[in-house]
Amino acid sequence: MPHASEEQEKKEEFFRDIGATVAAVDQEAAGDDEPQIMDNIESLCMNCHEQGNTRLLLTRIPFFREVVLMSFECPHCHFKNNEIQSASEIQERACTYTVKVTCKEDLDRQVVKSGTCVCSFPELDLEIPAQRGQLTTIEGLLSVVLEDLANDQEARKEQQPEAWQQIEDFIKKGRDFLEGRAFPFSLVVDDLAGNSWIEPRPGDPRGKWTGKHYERSREQNEKLGLTDTSVHTFPATCPSCVRPCNTHMKLVEIPHFKEVVIMSTVCDSCGYKSNEVKTGGAVPSKGRIITLQVEDEEDLARDILKSETCGLSCPELNLDLTPGTLGGRFTTLEGLLTQVHDELHQRIFTSEQMDSLEAETKDRWEKFFEGLREAKEGKRKFTCILDDPLAASYIQNLCAPDPDPQLKIEDVERTKEQEEDLGIADMVTEGYEQQEPEEKKEKQEEPVAA
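Think of each chain on its own: its residues are numbered from 1, step by step along the sequence as written. Where totals are concerned, whole chains, interfaces and linings use all residues; where local detail is concerned, this predicted model gives features only for residues with pLDDT of at least 70, and gives and counts side-chain atom pairs only at 80 or more. Side-chain metrics in this entry use all non-hydrogen atoms of the structure; hydrogen atoms and water are not considered.

Looking at an unreviewed UniProt entry, one finds the chain named ZPR1 zinc-finger domain-containing protein, with Sphaerosporella brunnea as its source organism.

Peer 1: What is the right way to read the nonpolar core from this model?
Peer 2: Residues belong to one nonpolar core when they are buried, are Ala, Val, Leu, Ile, Met, Phe, Trp, Tyr or Cys, and are joined through side-chain atoms within 4.5 Å. Residue exposure (1.4 Å probe, protein chains only): buried if accessible area is under 20% of the type maximum, exposed if over 50%, otherwise partly exposed. Ranked by size, the top nonpolar core spans 30 residues in total, and within it Phe121, Leu126, Ile138, Leu142, Leu187 and Val189 carry the most contacts. The way it works is that DSSP assigns letters per residue, a run of H or I at least four long becomes a helix, a run of E at least two long becomes a strand, and they are numbered from the N terminus. Of the residues forming this core, the biggest block, five residues, is contributed by helix α3 (residues 138-151). By convention here, the domain bounds are inherited from an automatic or database domain assignment. Formed jointly, this core draws a minimum of three residues from each of two domains, domain 1 (18-86) and domain 2 (94-217). Note on contacts: a residue pair qualifies if any of its non-hydrogen atoms lie within 4.5 Å across the two residues. Excluding residues within four positions of it along the chain, Ile138 makes contact with Val99, Val101, Asp106, Leu107, Arg109, Val111, Phe121 and Leu187. Counting 27 residues, the second-largest nonpolar core is a separate cluster that includes Leu321, Val340, Leu372 and Ala375.

Peer 1: Before we go on, may I ask you to explain the sheet that holds strand β12 (residues 197-198) in this structure?
Peer 2: Hydrogen bonds along the backbone pair up the strands of a sheet, which may run parallel or antiparallel. By this definition, two strands are paired if DSSP reports at least two bridges between them. Taken in spatial order, the three strands make up an open sheet running β10-β7-β12, and their pairing is antiparallel. Each end of this open sheet is capped by a strand with a single partner; those strands are β10 (134-137) and β12. As paired elements, strand β7 (residues 110-113) and β10 share four bridges and run antiparallel to each other. The residue bridging Gln110 from the neighbouring strand is Thr137, located in β10. Docked against the sheet, α3 engages β7 and β10, running at close to 105° with respect to β10. Axes here refer to lines fitted to C-alpha atoms; in helices the fit is confined to the stretch in contact. Angles between the N-to-C directions go from 0 to 180 degrees.

Peer 1: Can you walk me through the sheet that holds strand β15 (residues 244-253) in this structure?
Peer 2: Spatially, β14-β15-β16-β17 is the arrangement adopted by the four strands of the open sheet, whose pairing is antiparallel. Each edge of the open sheet is held by one strand with a lone partner, namely β14 (232-237) and β17 (273-279). In this sheet, adjacent strand axes meet at a mean angle of 25° when their direction is disregarded. Alignment of β15 against strand β16 (residues 259-266), held across eight bridges, turns out to be antiparallel.

Peer 1: How should I be thinking about the pattern of salt bridges in this particular structure?
Peer 2: Think of it this way: side chains of opposite charge can pair up when their charged atoms draw near. Salt bridge, as used here, is a side-chain nitrogen of Lys or Arg placed within 4 Å of a carboxyl oxygen of Asp or Glu. Taken as a whole and judged by the stated rule, the model has 19 salt bridges. Across the pair Arg302 and Asp299 runs a salt bridge whose closest N-O atoms are separated by 3.1 Å. Residue Arg302 is classed as buried on the basis of its relative accessible area, which comes to 2%. Taking the shortest distance from any N to any O, the salt bridge between Arg380 and Glu374 comes out at 3.9 Å. Judged by relative accessible area, Arg380 falls into the partly exposed class, the value being 32%. Salt bridges sharing partners connect three or more residues here, namely Asp106, Arg109, Asp204 and Lys208.

Peer 1: What should I look at first to understand the packing of helix α8 (residues 333-348) against helix α10 (residues 359-376) in this one?
Peer 2: What describes two packed helices is the angle between their axes and the distance between those same axes. At a minimum axis distance of 9 Å, the contact between α8 and α10 shows a crossing angle of 160°. By the criterion of interaxial angle, the relationship of α8 to α10 is roughly antiparallel. In the packing of α8 onto α10, the handedness of the crossing is left-handed. In this structure, α8 contributes Glu334, Leu337, Thr338, Val340, His341, Leu344, His345 and Ile348 to the contact, and α10 contributes Trp365, Phe368, Phe369, Leu372, Arg373, Ala375 and Lys376. Each angle is binned into one of four classes, with values under 35 degrees roughly parallel, values over 145 roughly antiparallel, values of 65 to 115 roughly perpendicular, and all other values oblique. The crossing is said to be left-handed when, going from far helix to near helix, the turn is anticlockwise and less than a right angle, and right-handed when the turn is clockwise.

What follows is the structure, encoded as structure tokens:
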């Protein structure tokens, strides 16, 4: 596909391997300008809070994938920090790699350790938890741990002699590994995000280097923020082909509003799809009218929740939707206008309807749809009014938590007709515990006809 090849070309342009980067530097060095292979960004030092310098290098690791190398240095306090981040998204499956170190050459193998990777040396009973990302070698990975432990040994020797001796023995054993006196030993990297790696080498005997990908559990997905336990799936019947299908339901918290239920039905048999939003919680004492003055394209990108009990009107567009039209929708204002346009246009301008429409009626509809198109493209200012007797609808406040000058929210009393339509007039919310025994008593006292 051309689109995929274009994306690949862009990746290759930005993420060149080290060899190609060096070749580019050699070419630039032949000219008068100083070669520039890294991006330099002035950034805050978290140690002394002065301005330091971060250098970024986008590169590709052979037989692996694209990464970003970052190096920070502060000229004021001389604090330094190096880190690697994967330039790829979280992979579909987790990964684990194991290599058996049997000679000193194996200590030079590259190791990519992402921020979600756990490394372990089983023979040393050492596990390195998920921390910042690193591009290092097996020797470098183990050396950093031993150096960190050795730094505090002097103080530990006086304060905790027993712990000092245990750590001293551990450091000695680790150095035996690094100096080749304790071969063989193993390194295992396990990354839930699937973005870590140990370098394989040609000619490795079977079993020396192993790698596998595996499916994550629900708990592991939750650690990566990939799933939400509030998603539920239950069987349903497709309203189009009457075959079994699945309906998915999820609770979503809308900021500065309330919790809503998003429901989605997809039929694999006929391709039918539907989405609906329902609000939860108690019935409020008043209804709500929300008025938005739409000025530009930014307003069209506002989130909007139109419940199934909400009416929508735009006087400048001659648009008036009664409650129940389109059902419940959680989208943007542009998306809602698009749905209104597409559904109405499909109903009005079908081949059967076209033949029966008079010329004048057809012109009026054309002007109406032209106004809708101008509105959803940001070429026309208009007013959007949501009238919801259950106060279950919402338009995003771009100035939250402060008031939005273009947004007006009014809580209003419901009419008797609205309460009857919603069934609220017949609801008993107080004293129903006493009312039920009284009703039973009245029924028992009613005379029986002979």
